[in-house]
Amino acid sequence: MSEGTMQRRAQRDQRAKRLTRVLVGAAAVPVMLVAAGCSSDSGSDDGKDKAADKKSASKSASPSPTVRAAAYGKLPEPCSVLSEKTLDDLVPKAGAGKESTSNDTATRAGCSWDSLDDNGVKGSQFRWLSVSMLRFESDVARGEGDKLARDHYAKQLKDAQSAQGATGLKTTPVSGTGDEAAIVGYDLKKKEGTFKQQTVVARVENVVVTVDFNGAGLAGDKTPDAGDLAEDAQKAAKEAVASVTKANGGGAVGGTSSGSSAPSGTDSGSDAKAPSKSSSKSSAKSSSKSS
């Protein structure tokens, strides 16, 4: 083989090698682009996932609806809210009180006492005393316990001022008894005599206390003084409010509540009622009950 022929063959081989390298390089470019594209798409998905996770975490971290918990969580034993001395002064020789019926004494409780001081031909003095308590829990739907108690306090006052047959009605604010208090006084004439009625409504935190106290002179005895009865009723109310505070450790208990139930009823516990009629004493009790 001539030298010229060998040179031409060598040149063809070199051109073939260069072409092969060019084709290999060109084939590698799409692979790199595809890889780069996949990498870019993956980063975009990661960003979306992270944003979704962040939104979900933010949503789960949002607090659930809550209201401030009611300050007082229980009521005192109803027939023990007044001292023996106070009972002796207001309803002499009344004996044990009659506890009102309640299916939840931590929410609703009451007690009543009655007294008849019989002086024979000189007549007799009748007294009837009732203490009722209603406690409200905070509720996310209805609101805070003390607000519910304020609303009920207003309702109780209105009810006391709307007694059928009442004459000479007078409402007076009472100080030093819970967060707010007032006394409603009026006369109620019955066939047994004229009854002097005094109703004190007081609120302490989320508890409403209602004290009903009335008296009458029967069988010719003199009618009791309304001012004296009012003073005694306020004394009993102040003592009952103090018993509620003492039963709860002497102060409010803070915190939050997310859904405690409120009392099943909205009527205060004038559940303690005078016994049925069977004598002049019973008639007096029935009259006081109707007031």
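Residues numbered from 1 in each chain as written. Predicted model: local features only at pLDDT ≥ 70, side-chain atom pairs only at ≥ 80, totals over all residues. Heavy atoms only, no water.

(A) Representation of the overall build of the chain within the structure. A tally of helices and strands in the chain yields 5 helices and 9 strands. When the helices and strands of the chain are listed from N to C terminus, the series reads α-β-α-β-β-β-α-β-β-β-β-α-β-α. Counting only residues that meet the buried cut, the chain has 39% of its 291 residues in that class. For the chain, restricting intrachain contacts to residue pairs at least 6 apart in sequence, the fraction spanning at least 24 positions comes to 65%. Summed over its atoms, the accessible surface of the chain is roughly 16,200 Å², and 51% of this surface lies on carbon and sulfur atoms. (Helix = DSSP H or I, 4+ residues; strand = E, 2+ residues; numbered from the N terminus. Buried < 20%, exposed > 50% of the residue type's maximum accessible area, 1.4 Å probe, protein only. Contact = heavy atoms within 4.5 Å. Areas by Shrake-Rupley, 256 points an atom, 1.4 Å probe, with all protein chains shown as cover.)

(B) Representation of the nonpolar core. Leu82, Trp113, Leu129, Val131, Val209 and Val211 are the most contacted members of the largest nonpolar core, which has 33 residues in total. Put simply, the parts of the chain that give this core at least two residues each are α2 (84–90), β3 (108–118), β4 (124–135), β6 (180–190), β7 (193–204), β8 (207–218) and α4 (226–247). The element that contributes the greatest number of residues to this core is α4, accounting for 8 residues. Not counting chain neighbours up to four residues away, the residues in contact with valine 209 comprise Val131, Ser132, Met133, Val200, Val201, Ala202, Ala240, Val241 and Val244. Core analysis: the next-biggest nonpolar cluster, separate from the first, contains 13 residues, Leu148, Ala149, Tyr153 and Tyr186 among them. (Core = buried A, V, L, I, M, F, W, Y, C linked by side-chain atoms within 4.5 Å.)

(C) Structural view of unusual backbone geometry. A positive phi angle, near 55°, is found at lysine 93, a position not held by glycine. Mapped onto the fold, lysine 93 is located in the loop between α2 and β2 (98–99). Located in the positive-phi region is glutamate 205, a residue other than glycine, with phi close to 55°. Here glutamate 205 lies in the loop between β7 and β8.

(D) View of the confidence of the model for the chain. Predicted confidence across the chain gives a mean pLDDT of 78, with 64% of residues reaching 70 or more. Ignoring residues within four places in sequence, the model shows residues 252–291, a span with pLDDT below 50, making 109 contacts including any to other chains. (pLDDT = per-residue confidence, 0-100.)

(E) Representation of the side chain of aspartate 139. Tracing the backbone shows aspartate 139 in the loop between β4 and α3 (145–161). Nearest to the buried, unbridged aspartate 139 among oppositely charged side chains is arginine 142, at 5.8 Å. Here the side chain of aspartate 139 touches alanine 141 through a polar contact of 2.7 Å, landing on its backbone nitrogen. (Lys, Arg positive; Asp, Glu negative; His and termini not counted. Salt bridge = Lys/Arg side-chain N within 4 Å of Asp/Glu carboxyl O. Polar contact = N/O pair within 3.5 Å; in protein donor to acceptor, adjacent residues only side chain to side chain.)

(F) View of the pairing of β3. Where burial is concerned, most of β3 is hidden: 8 out of the 11 residues are buried. In sequence, β3 turns back onto β4 through a hairpin of 5 residues, with glycine 120 there showing a positive phi of about 65°. (Pairing = 2+ DSSP bridges.)

(G) Here's a closer look at the sheet that holds β3. The 7 strands are arranged β2-β3-β4-β8-β7-β6-β5 in an open sheet whose pairing can be described as antiparallel. Unpaired on one side and paired on the other, β2 and β5 (167–173) mark the two borders of the sheet. As paired elements, β5 and β6 share 5 bridges and run antiparallel to each other. The partner of lysine 170 across the bridge, within β6, is glycine 185. Packing of α4 onto the sheet brings it into contact with β4, β6, β7 and β8, and relative to β7 it is tilted by some 30°. (Axes fitted to C-alpha atoms, helices over the stretch in contact; angles between N-to-C directions.)

(H) Just the state of the cysteines, in detail. The final tally for this structure, using the stated rule, is 1 disulfide. Disulfide pairing is shown between cysteine 79 and cysteine 111; the S-S distance is 2.0 Å. Handedness here is read from the sign of the S-S torsion; for cysteine 79 and cysteine 111, about 95°, the answer is right-handed. Here the residue cysteine 79 occupies a position in the loop between β1 (67–68) and α2, and cysteine 111 occupies one in strand β3, the gap between them amounting to 32 residues. Side by side, cysteine 79 and cysteine 111 carry an identical accessibility label, which is buried. (Disulfide = S-S within 2.5 Å.)

(I) Representation of α4. Between its first and last C-alpha, α4 extends 31 Å over 22 residues, near the 32 Å set by a 1.5 Å rise per residue. Turning to α4, its buried residues are Leu229, Ala230, Ala233, Ala236, Ala237, Ala240, Val241, Ser243, Val244 and Thr245. Residues of α4 that are buried in the fold lie against α2, β4, β6, β7 and β8. The N-cap residue of α4 is aspartate 225: its side-chain oxygen and the backbone nitrogen of glycine 227 are 3.0 Å apart. At the C-terminal side of α4, glycine 249 shows a positive phi close to 85°. (Expected span 1.5 Å × (residues − 1).)

(J) Focus on the environment of lysine 196. Tracing the chain through its elements places lysine 196 in strand β7. Not counting the four nearest positions on each side in its chain, lysine 196 is found in contact with Tyr186, Asp187, Phe213, Asn214, Gly215, Thr223, Pro224, Ala226 and Leu229. Of the polar contacts made by the side chain of lysine 196, one reaches the side chain of aspartate 187; its length is 3.0 Å.

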